[in-house]
Amino acid sequence: MMKSLHIEAAKCTGCLQCEMACSFENYGVFNPAKSRIKVFDFHETGLKVPYTCTQCAEAWCLKACPVDAITKDKSTGAMMVNEATCVGCKVCTIACPFGTINYVADTGKVQKCDLCEGSPACADACPTGAITYIDADSTGIDRMRTWAAKLENQTAGHAD
Amino acid sequence: MAWQRKILRVDLTAGTCTSEALNMDWAMAYLGQRGLATKYFVEEVAPSVEPLSPANKLIFATGPLTGTMASTGGRYSVITKGPLTGAIACSNSGGYWGAELKMAGWDMIILEGRAASPVYLHIENDTATLHDASALWGKTTWDVEPALRKIHQDSQLKISSIGRAGENGVLYAAVINDLHRAAGRSGVGAVMGSKNLKAIAVRGTKGVAGIKDPKAFMKATQAAKAVLAGNGVTGEGLPKFGTQVLMNVINEVGAMPTRNFRDVQFEGAKDISAEAMHAPRETDGKANLVTNQACFGCTIACGRISKLDQTHYTVVNKPEYWAASGGLEYEAAWALGSANGVNDLEALTYANFVCNEDGFDPISFGATVGAVMELYQMGVLTKEQLGIEAPFGSAKALTYFAECTAKGEGFGPEIGLGSKRLTAKYGHPDLSMTVKGQEFPAYDPRGIQGMGLAYATSNRGACHLRGYTVASEILGIPVKTDPLETDGKAGLVKAFQDATAVFDSAGICVFTSFAWTLVDVAPQLEAACEGDWSLDNLNVVGERIWNMERQFNNAAGFTNKDDNLPKRLLTEAAKTGPAKGLVAGLDKMLPEYYAERGWDTEGRPTATTLERLSL
Ligand code: SF4
Ligand code: SF4
């Protein structure tokens, strides 16, 4: 089954465990600056929003890369950056409408979320369930369930 | 090792920033943050130093677990000699700033001297520079944060700053980071202001590497997080209700200091409780509470984010207060509310916003207003002096005083002195509910006897965060003791004080101790840091830190006479509730406490004790 990262911003507390888990998984260091998932704190509303690559089915970054350094991983569906091929031209960072692929000055390459070979560290680390890694074809299932439950109450009410 | 092994020393008089190696021998003995920074402080500063003079120093310190995946590993402390108390001061804050400092590659910053004119410190990884802050002076912390991000064109800067209270020498001025997290108590912000230092802006992209045993560390931190998640307080109560979960509980047990400690139960507690924050308002149908929020790395997330009712008298036509911001914690709700008999939730929230905006401690402020209101009721202070009628229960007086204190206008500067100096000035020193000059927090020692001893002996003056026996006496953590009993409390207080010193030195939040004991902390430290962080040694480290602080205070002129409580608590019995008829039984506990600590009858550590603790 193909899975994808599912984000429910309303559950996020802004703890940044996900950012640390990401940097630790990929660089062995606790460093949000190196994280591929970013949590935005909109303090005026109190909203915290985790944001990362959604692995587009037709990925702008992949199409834009002039040296074909970005390929799609068949098992996870993640767009993968092949560091050996990447020339650091940054065209993909321009092409991506969401800003989720970024240049890393230290390496001279770009980085993006690669779904940790099918076991994303951010989802594992998230204490609130704001990030989960679930069936890509039914990411809406919980929301459907919530609304379905309301309907059930109404039906029960009518039956009385 | 989880330390960065690097200190930034800033000489504000000379205008220089230099890097030096962390003293690892001291780190092995004092761990980090509170313990380690206090060690530097007592080695470098004379106990007699005048707190607001250039000779005093100000240390911002992280712990070894700050900036790691240990839950709540985002804390920092500010250490100095406090102007409110004249004792050692150490105030702890969460938010994101502490982790950012660590990510920039520094364990701590030692600030000394005094700048000739206002400056701020900018740190970008290894580079630290002082800049002119004259354009920022007179601005609130809420204005300073966006202003510095704009100046440096860096939206990710984390900022710790003072508001006008710190500039104006409010003796309980706080240091505020991330808009509403505070190193709140003992006036550390006033010391920062006295040094002409407006802010410290940090950007750190180096991260924390070099964990001693990464695999063991991930395992230990995961196990510890599971303990927090599975605990009723840290897993359910705090995320849902915040520390406000305590309001109704403490009121019911008759330990809710009310109207400057005249009463021990507040009839309006339910109106300012966690439940009230969740309930839809009559005016706009929205709840005061918007959401909860975590500090860096925290899997508890007790923080409150609130929005004011736009039609409330405090903020009509003031849209700058309509956005979400830091809501009421229990201590603030108590001090701004029960301590003054005020039950207007929106007024308390507004006063709390103002405390954050201009950087002052809502506990000391609220408790001082309580004394002012009592003096007003007695006719000692008048409407003409105060600028407003100020009977107990007046929300209008409370919010007016908050504004005056923030701006340094009207009667504000007098309230900014704290209740000890203020009540003495007006001839009623007995009405100051303080120990060593610092106002009490939200637990009445007549109803929770152990807290009386904890307040009397706290090294930074009356405080709940130095030995929170409420956990045991009310909540049964780790074992239930009878709150009305004095027996056995000496040992309990000592145990809490020593353990807390370790939590405060590790880089983690003391609220974890609702669920964790040192048994949960030790494996995380052992995996992260070189050195001996076994349970046995942590107990010694905690006790060592406590005694080091005590010795500083003793050398600064404090004696056993200062381990005392105000007359009211010792002679006026609780009028209602389970503690009805009781006074604080300090005299029964104090001698036993000295003995437990290995101190002489004057409260001085004996030679044997000092030797045992390698002091
Ligand atoms: S770990 Fe989860 S709750 Fe914490 S910041 Fe990330 S998404 Fe939010
Ligand atoms: S428990 Fe509360 S104060 Fe402590 S770190 Fe977590 S959110 Fe911050």
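What counts and what doesn't
Residues numbered from 1 in each chain as written. Chains lettered and ligands numbered in written order. Predicted model: local features only at pLDDT ≥ 70, side-chain atom pairs only at ≥ 80, totals over all residues. Heavy atoms only, no water. Buried < 20%, exposed > 50% of the residue type's maximum accessible area, 1.4 Å probe, protein only. Helix = DSSP H or I, 4+ residues; strand = E, 2+ residues; numbered from the N terminus. Pairing = 2+ DSSP bridges. Near = heavy atom within 4 Å. Nonpolar A, V, L, I, M, F, W, Y, C, P; charged D, E, K, R; others polar. Domains from an automatic or database assignment. Contact = heavy atoms within 4.5 Å. Buried area = accessible area lost by both parts, 1.4 Å probe. Salt bridge = Lys/Arg side-chain N within 4 Å of Asp/Glu carboxyl O. Polar contact = N/O pair within 3.5 Å; in protein donor to acceptor, adjacent residues only side chain to side chain. Disulfide = S-S within 2.5 Å.

Student: Lay out the pairing of strand β1 (residues 6-11) of chain B in plain terms, naming residues and giving numbers.
Tutor: Residues and elements named next belong to chain B. Of all six residues in β1, five are buried, a share of seventy percent or more. Direction of pairing for β1 relative to strand β2 (residues 16-21): antiparallel, over a ladder of six bridges. Residue pairing in the sheet places Arg9 in a bridge with Thr18 of β2. Between β1 and β2, which follow one another and run antiparallel, lie four residues, and Gly15 among them has a positive phi close to 75 degrees. As judged from the five bridges shared by β1 and strand β6 (residues 108-112), these two strands associate in the parallel manner. Bridge pairing links Leu8 to Ile109 in β6.

Student: Quick rundown of the site of ligand 2? Include the residues and the values.
Tutor: All names here are of chain B. Looking at ligand 2, there are 13 residues lining it, with Arg75, Cys295, Cys298, Cys302 and Cys509 nearest. Partitioning the shell around ligand 2 into residue classes produces eight nonpolar, three polar and two charged. Looking at which domains feed residues into the shell around ligand 2, each of domain 1 (6-203) and domain 2 (245-438) gives three or more.

Student: Kindly report on the interface of chain B and chain A, identifying the contributing residues and their values.
Tutor: Counting residues at the interface gives 35 residues for chain B and 22 residues for chain A. For the pair chain B and chain A, the two sides together bury roughly 2000 Å², of which 62% comes from carbon and sulfur. Summed over the shared surface of chain B and chain A, the number is zero salt bridges. Along the contact surface separating chain B from chain A lie eleven residue pairs in polar contact (both at pLDDT 80 or more). Elements with a contribution of two residues or more to the side of chain B that touches chain A: α7 (214-230) and β13 (289-293) of chain B. Counted by class, the side of chain B that touches chain A contains 20 nonpolar, twelve polar and three charged residues.

Student: Outline the state of the cysteines, listing residues and values.
Tutor: One pass over the full model with this rule turns up zero disulfides over all chains. Of all cysteine sulfurs, the one in Cys53 of chain A lies closest to Cys113 of chain A, which takes part in no disulfide; the gap is 5.9 Å.

Student: Let's hear about the side chain of Thr291 of chain B: which residues, and what values?
Tutor: Positionally, Thr291 of chain B belongs in strand β13. The contacts of Thr291 of chain B, once residues within four sequence positions are left out, are Gly46 and Lys48 of chain A together with Gly303, Arg304 and Ile305 of chain B.

Student: I'd like to hear about the pairing of strand β3 (residues 58-62) of chain B, residue by residue, with values.
Tutor: Residues in a regular strand point their side chains to alternate faces of the sheet. All names here are of chain B. In terms of residue burial, β3 counts as a mostly covered element, since five of its five residues are buried. Burial of the side chains of β3 extends over both faces: Leu58, Phe60 and Thr62 are buried on one face and Ile59 and Ala61 on the other. As judged from the four bridges shared by β3 and strand β4 (residues 76-81), these two strands associate in the antiparallel manner. Paired with Ala61 across the bridge in β4 is Ser77.

Student: Give a detailed account of the sheet that holds strand β14 (residues 303-306) of chain B, specifying residues and quantitative values.
Tutor: Residues and elements named next belong to chain B. Strand order in the open sheet formed by three strands is β13-β14-β15, with antiparallel pairing between adjacent strands. The strands lining the two open edges of the sheet, one partner per strand, are β13 and β15 (325-326). When β14 meets β15, the two strands line up antiparallel, connected through two bridges. Note that in β15 the partner of Ile305 across the bridge is Gly326.

Student: Explain helix α18 (residues 449-457) of chain B to me, and be specific about the residues and the numbers.
Tutor: A large share of α18 of chain B lies buried, amounting to nine of its nine residues. Buried within α18 of chain B are the following residues: Gln449, Gly450, Met451, Gly452, Leu453, Ala454, Tyr455, Ala456 and Thr457 of chain B.

Student: Which residues make up the domain arrangement of chain B, and what values do they have?
Tutor: All names here are of chain B. Each assigned domain of chain B is listed here: domain 1 (6-203), domain 2 (245-438) and domain 3 (444-612). The partner domain 3 presents 34 residues to the 38 residues of domain 1 that form the contact. Of the roughly 2900 Å² buried between domain 1 and domain 3 on both sides combined, carbon and sulfur atoms contribute 65%. Ranking the residues of domain 1 by area buried against domain 3 places Leu31, Arg34 and Leu65 at the top, with a combined share of 26%. On the surface where domain 1 and domain 3 come into contact, there are two salt bridges.

Student: Can you break down the environment of Pro64 of chain B residue by residue, with the values?
Tutor: Residues and elements named next belong to chain B. Within the secondary structure, Pro64 is located in the loop between β3 and β4. Considered as a pair, Pro64 and Gly94 are 30 residues apart in the sequence and their alpha carbons are 15 Å apart. Non-local contacts of Pro64, meaning those with residues more than four positions away in its chain, are made with Ala2, Trp3, Leu31, Gly32, Lys102, Ser505, Ala506, Leu525 and Cys529.

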